[in-house]
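In case you want the letters, here they are:
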Amino acid sequence: MTQAPTPTADTVRRLVRTLLADGADTAAGPDVRPVAEDGGPWTWWVGARHVLRLAPDREAALRQRRELRLRDLARPHVPVAVPASVAHGEWAPGLAYTLDARIAGGTAGQQVSALGEDDLAGLLSGLREVPARQAGTLGVPRTAPRSLEALRRMAAHAAEQLGKADEFDPARMAQLAGPAAAQLAAQPNTAVLVHHGLTADHLVVGADGRVRGVLGWGEAVIGDPAEDIASLARAVRSPAAVRAATLAGYGARPCLRGLWLARCDTVIRLAERLEGRDDTPLPLLRTELRHAWEAILLERVTEFRDDGPDGPAEEP
């Protein structure tokens, strides 16, 4: 695998100067600064209107090129903004870049409003309308649903570790017994385009709580729609995620499956962080744990009836 040279502000400024001719340049070149707080060199703000992403290796370059095509495919189907590339090419031999127009707004660290939940419902509905077969021809991988029973067992062990560290009450895992996990197994023929990264950092939220756009399409797969419900539970809290999924037409089973995927994942990841096997900031993991474990009314459902679609049948 070819490893890229580490880009500097001068590298980025020289590249961007050749791409933008809108008067934003100065004699010193456009204003550029790393997006990451730690100064990571692969994603840069360019002035106030653009963001530049540089692929660090050939595998990342392939993902980026696939992402550009997928964004164009998904854009007509979703009601929120999808990043648009104003220029793309290679910044080093075999290594791709894309200069995207910036979507105005903050992150989902602020609360999503009721209208924002409608936006998320439209996003989930739109994702299942994207032709899965066409996404597959672009190279979007197909993934099998995860075993909730296997995840439950891992989470139960992790919960015991968190209990010893006074981070979590392991008795709460009893809410997901083996029979319940079996009931929440993924149903056949329900695969859709899954964003697979609906994190707080990837949801662009306005000051009014509306969801303005969705970033980070590089990890999209064709698979279990409950995975996106799980991501939203961690990002915007379980009640909001389940309300959005319900508005999108998903029934009790995929909603509860997404809820428990989120809960198990957050317990496991926090335990791994405390053991030094994950470098995600602790405050973020604790926030996601709290969001995922917020109680919802739907948890009182004990038998699944045909009261709503478990999810759409995938395109034949």
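Look up a bit, the structure's there.
Please read these numbers as outputs of a predicted model, since none were measured by experiment. (Residues numbered from 1 in each chain as written. Predicted model: local features only at pLDDT ≥ 70, side-chain atom pairs only at ≥ 80, totals over all residues. Heavy atoms only, no water.)

Applying the stated criterion to the full structure yields 24 salt bridges. Two residues, D224 and R257, come together in a salt bridge whose shortest N-O distance is 2.7 Å. One end of the pair, D224, is in the loop between strand 10 (221-223) and helix 7 (226-236); the other, R257, is in helix 9 (residues 252-274), with 33 residues separating them in the sequence. Classification of R257 by relative accessible area gives buried; the value is 2%. As a salt-bridge pair, R277 and E275 come within 2.6 Å of each other at their nearest N and O atoms. Given a relative accessible area of 57%, R277 falls into the exposed group. Using a relative accessible area of 41% as the deciding quantity, one classes E275 as partly exposed. Connected through salt bridges with shared partners, the residues R53, E67, R71 and D100 form a single ionic network. (Salt bridge = Lys/Arg side-chain N within 4 Å of Asp/Glu carboxyl O. Helix = DSSP H or I, 4+ residues; strand = E, 2+ residues; numbered from the N terminus. Buried < 20%, exposed > 50% of the residue type's maximum accessible area, 1.4 Å probe, protein only.)

The subject of this paragraph is the sheet that holds strand 4 (residues 85-92). In spatial order, the strands read 1-2-3-5-4; together these five strands make up an open sheet with antiparallel pairing. The open sheet terminates on both sides in strands that have one partner only, identified here as strand 1 (32-34) and strand 4. Pairwise comparison of adjacent strand axes, ignoring direction, gives a mean angle of 25° for this sheet. Bridge analysis of strand 3 (residues 50-54) against strand 5 (residues 95-101) gives five bridges, and the strand direction is antiparallel. Across the sheet, residue R53 finds its bridge partner in strand 5, namely T98. Strands strand 1, strand 2 (43-46), strand 3, strand 4 and strand 5 of the sheet are contacted by helix 1 (residues 9-19), whose axis makes an angle of about 120° with strand 3. Along the sheet face, helix 2 (residues 58-74) touches strand 3, strand 4 and strand 5 and points at about 35° away from the line of strand 5. (Pairing = 2+ DSSP bridges. Axes fitted to C-alpha atoms, helices over the stretch in contact; angles between N-to-C directions. Contact = heavy atoms within 4.5 Å.)

Let us now look at the nonpolar core. With 72 residues, the main nonpolar core has L120 and L203 as its most contacted residues. Of all the elements, helix 9 adds the most residues to this core, at eleven residues. Setting aside chain neighbours within four positions, we find L120 in contact with V112, L203, V211, L232, V236 and A244. (Core = buried A, V, L, I, M, F, W, Y, C linked by side-chain atoms within 4.5 Å.)

So, on to the layout of surface pockets. Reported here for the largest pocket is a volume of approximately 1300 Å³. Around the largest pocket, the lining is made up of 36 residues, and of these V35, T43, R53, H202 and L215 lie nearest the centre. In terms of residues, the lining of the largest pocket owes the most to one element, helix 2, which gives five residues. Looking at the lining of the largest pocket, its residues break down into 16 nonpolar, ten polar and ten charged. (1 Å grid on protein atoms, 1.4 Å probe; cavity = no way out; pocket = protein on both sides within 12 Å on 5 of 7 lines; lining within 4 Å. Points joined across faces, edges and corners; volume = space filled by probe spheres on them. Nonpolar A, V, L, I, M, F, W, Y, C, P; charged D, E, K, R; others polar.)

Turning our attention to unusual backbone geometry. Look at N189: it is not a glycine, yet its phi comes out positive at around 60°. Residue placement: N189 occurs in the loop between helix 6 (178-183) and strand 7 (192-194). Classification of N189 by relative accessible area gives exposed; the value is 54%. Here H196, not a glycine, exhibits a phi torsion of approximately 70°, which is positive. Within the fold, H196 resides in the loop between strand 7 and strand 8 (203-205).

Next up on the list: the sheet that holds strand 8. Strand order in the open sheet formed by three strands is 6-8-9, with antiparallel pairing between adjacent strands. Two strands in the sheet have a free side with no partner beyond their single neighbour: strand 6 (106-107) and strand 9 (211-214). Pairing geometry for strand 6 and strand 8, over two bridges, is antiparallel. Bridge pairing in strand 8 links G106 to V205.

Attention now goes to helix 3 (residues 114-129). Counted at 1.5 Å a residue, the expected span for helix 3 with its 16 residues is 22 Å, and the 23 Å between its end C-alpha atoms agrees. Within helix 3 the residues assigned to the buried category are G116, E117, D119, L120, A121, G122, L123, L124, S125, G126 and L127. (Expected span 1.5 Å × (residues − 1).)

Okay, helix 9 next. Between its first and last C-alpha atoms helix 9 spans 33 Å; for 23 residues at 1.5 Å apiece the expected length is 33 Å, and the two agree. Burial runs high along helix 9: 19 of the 23 residues are buried. Two residues or fewer after helix 9 comes G276, characterised by a positive phi angle close to 80°.

Between helix 3 and helix 8 (residues 238-247), whose axes approach to 8 Å, the crossing angle comes to 55°. One finds that helix 3 runs oblique with respect to helix 8. Crossing handedness for the pair helix 3 and helix 8: right-handed. Of helix 8, the residues touching helix 3 (which contributes E117, D118, L120, A121 and L124) are A240, R243, A244, A245 and L247. (Parallel < 35°, antiparallel > 145°, perpendicular 65-115°, else oblique. Left-handed = near helix turned anticlockwise from the far one by under 90°.)

Now for the pairing of strand 3. Counting buried residues in strand 3 gives four out of five residues, a clear majority hidden from the surface. Sheet topology places strand 2 next to strand 3; four bridges connect them, and they run antiparallel. Directly across from W44, in strand 3, lies its bridge partner L52. The loop that links strand 2 with its antiparallel partner strand 3 comprises three residues; one of these, G47, has a positive phi angle of about 60°.

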